[in-house]
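Here are the chains, one letter per residue:
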Amino acid sequence: MADATAEVLQANGKLLDAINSQNWAAYTDLCDPSLTCFEPEALGHVVSGMEFHHFYFKLAGSGRPKQSIMASPHVRIIGETAIVSYIRLTQRVESDGVPATFASEETRVWQKQNGAWKHVHFHRSIPTAS
Ligand code: GLY
């Protein structure tokens, strides 16, 4: 169980790095092609498959530093499935050169397929003020 938790946290970290660096090959390597999601860009719709995500990876990057960490991640292993929940803190340098931090709530679901963790579903939302 501890090994599975460490493995899935490592895979999730790699996924966030792939997103931030727009590394499509690394992203697709970690995802099941039938990936489903809710995310703000999808305007309340569940999106299936990879094409929706590919759009953003094909955009020109800013070239400015950007990184994400998982704050206080919680991992639940259920057989060959893992559910990872955390606040994603993304730091980036804005166009005026000023660094800024953004938070989002993420739940990502992973499935062990042929010995490798594959990303099968996620839900990202913007935290509401408390
Ligand atoms: N929008 C891609 C991802 O968060 O996995």
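You'll find the structure just up there.
This is a predicted model, so every value here is computed, not measured. (Residues numbered from 1 in each chain as written. Predicted model: local features only at pLDDT ≥ 70, side-chain atom pairs only at ≥ 80, totals over all residues. Heavy atoms only, no water.)

### As for the sheet that holds strand S3 (residues 66-78)
Right, so step 1: Across the sheet, which stays open at both edges, the 6 strands sit in the order S2-S1-S6-S5-S4-S3 with mixed pairing between neighbours. Two strands close off the open sheet at either side, each with one partner strand: strand S2 (47-48) and S3.
Right, so step 2: In this structure, strand S1 (residues 31-38) lies alongside S2, joined through 2 bridges in antiparallel fashion. Within S2, the residue paired with threonine 36 across the bridge is serine 48.
Right, so step 3: Running over the sheet, helix H1 (residues 2-20) touches S1, S3, strand S4 (81-93), strand S5 (99-113) and strand S6 (116-125) and is turned about 150° from S3. (Pairing = 2+ DSSP bridges. Helix = DSSP H or I, 4+ residues; strand = E, 2+ residues; numbered from the N terminus. Contact = heavy atoms within 4.5 Å. Axes fitted to C-alpha atoms, helices over the stretch in contact; angles between N-to-C directions.)

### What to know about the site of the ligand
Right, so step 1: Around the ligand sit Ile19, Tyr27, Glu39, His53, Arg108, Phe122 and Arg124, and those are all the residues in its vicinity.
Right, so step 2: With respect to the ligand, the side chain of tyrosine 27 contributes an N or O atom lying 2.7 Å from an oxygen atom.
Right, so step 3: Take glutamate 39: an N or O atom from its side chain is 2.9 Å from a nitrogen atom of the ligand.
Right, so step 4: Split by residue class, the shell around the ligand holds 3 nonpolar, 1 polar and 3 charged. (Near = heavy atom within 4 Å. Polar contact = N/O pair within 3.5 Å; in protein donor to acceptor, adjacent residues only side chain to side chain. Nonpolar A, V, L, I, M, F, W, Y, C, P; charged D, E, K, R; others polar.)

### Concerning the pattern of salt bridges
Right, so step 1: Considering all chains together, one arrives at 7 salt bridges under this definition.
Right, so step 2: Two residues, glutamate 39 and arginine 124, come together in a salt bridge whose shortest N-O distance is 2.6 Å. Of the two residues, glutamate 39 is situated in the loop between S1 and S2 and arginine 124 in strand S6; the sequence distance between them amounts to 85 residues.
Right, so step 3: Among the ionic pairs, arginine 88 bridges to glutamate 106, the shortest N-O distance being 2.6 Å. Of this pair, arginine 88 sits in strand S4 while glutamate 106 sits in strand S5, and the two are 18 residues apart along the sequence.
Right, so step 4: A relative accessible area of 2% places glutamate 106 in the buried class. (Salt bridge = Lys/Arg side-chain N within 4 Å of Asp/Glu carboxyl O. Buried < 20%, exposed > 50% of the residue type's maximum accessible area, 1.4 Å probe, protein only.)

### Some words on the side chain of glutamate 39
Right, so step 1: By relative accessible area, glutamate 39 is classed as buried at 8%.
Right, so step 2: Within the structure, glutamate 39 has its side chain in polar contact with the side chain of histidine 53 (distance 3.5 Å).
Right, so step 3: Beyond its immediate sequence surroundings of up to four residues, glutamate 39 is in contact with Phe52, His53, Phe122 and Arg124.

### Observations concerning the pairing of S5
Right, so step 1: Alignment of S4 against S5, held across 13 bridges, turns out to be antiparallel. Across the sheet, threonine 90 pairs through a bridge with phenylalanine 102, a residue of S5.
Right, so step 2: Here S4 folds back onto S5, and the loop between the two strands holds 5 residues, one of which, glycine 97, carries a positive phi near 85°.
Right, so step 3: Hairpin connection, S5 to S6: the antiparallel pair is bridged by 2 residues, and asparagine 114 has positive phi, about 50°.

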